[in-house]
Amino acid sequence: MEDFEDLYNKYWKLVFNAAYKRLGDLEIAKDITQDVFVQLFTRQESAPVENIPAYLLISVRNAVFKHLERSGRIVFTDDAALDVPDSKADADAGIRNREFIASFEKLVDTLPPQQKIIFKLKFEEELSSAQIAENLQISPKTVRNQLGKALSALRSSLLFLFSALILSFI
């Protein structure tokens, strides 16, 4: 395990950028960054984290959601209340859509760890290749190569998944 100060120096920009991008508020992003690292520090003593970047990104996302909910800018509702279909066809489409999304998330989880982190930073956090390279302290070329490999693997798997989905309509 890396020294905590080294972890902070290595990843604080990643955490801060993720919080600031979602909130657009410098002070709140700083507070969330501090809270995320305090949680990591206290957790490391009882249950060490294996994938630090993924843990940090999930923690910052959850902290942002908690902040938005506390400030009244977002209200979470019961998922069942949102899924009231107008017809049987809508219900079937909703089920297929949820199944497809779940299958896609499982496919992303099968990627090698570095590819998965880079993919999520690119498409969930919407960071550029240069930002990802800086945050992960790797070269931009490595980011592009890993992203290309991830997309290639997902593309071939999605083709199979999409074919199966189309066959279910027939």
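The structure displayed is predicted, hence computed values, not measured ones.

Examining helix H2 (residues 26–46)
The terminal C-alpha atoms of H2, which comprises 21 residues, lie 31 Å apart, in line with the 30 Å expected from a rise of 1.5 Å per residue. Three or more residues of H2 are buried, namely Ala29, Ile32, Thr33, Val36, Phe37, Leu40 and Gln44. Along the axis of H2, the buried residues cluster in a sector spanning 130 degrees; they form a single face. Of the residues in H2, the exposed ones pointing more than 90 degrees away from the buried face are Glu45 and Ser46. Two or three places before glutamate 27, at the start of H2, stands the capping residue aspartate 25, its side-chain oxygen 3.0 Å from that residue's backbone nitrogen.

Looking at the layout of surface pockets
A volume near 540 Å³ is recorded for the largest pocket. Every residue lining the largest pocket is counted, 20 residues in all, and those nearest its centre are Ile58, Arg61, Asp109, Lys120 and Glu124. Within the residue set of the lining of the largest pocket, elements represented by two or more residues are helix H3 (52–71), helix H5 (88–109) and helix H6 (113–123). A per-element tally of the lining of the largest pocket places H6 first, with 6 residues. Classifying every residue of the lining of the largest pocket gives 11 nonpolar, 1 polar and 8 charged. Roughly 160 Å³ of volume is contained in the second largest pocket. Along its surface, the second largest pocket is lined by Ile28, Asp31, Ile32, Asp35, Gln39, Ser59, Asn62, Ala63, Lys66, His67 and Arg70.

Each value, and the rule that gives it
- Residues numbered from 1 in each chain as written.
- Predicted model: local features only at pLDDT ≥ 70, side-chain atom pairs only at ≥ 80, totals over all residues.
- Heavy atoms only, no water.
- Helix = DSSP H or I, 4+ residues; strand = E, 2+ residues; numbered from the N terminus.
- Expected span 1.5 Å × (residues − 1).
- Buried < 20%, exposed > 50% of the residue type's maximum accessible area, 1.4 Å probe, protein only.
- Arc of directions from axis to C-beta.
- Polar contact = N/O pair within 3.5 Å; in protein donor to acceptor, adjacent residues only side chain to side chain.
- 1 Å grid on protein atoms, 1.4 Å probe; cavity = no way out; pocket = protein on both sides within 12 Å on 5 of 7 lines; lining within 4 Å.
- Points joined across faces, edges and corners; volume = space filled by probe spheres on them.
- Nonpolar A, V, L, I, M, F, W, Y, C, P; charged D, E, K, R; others polar.

So, to be careful, I would describe these as geometric facts and stop short of saying anything about function.
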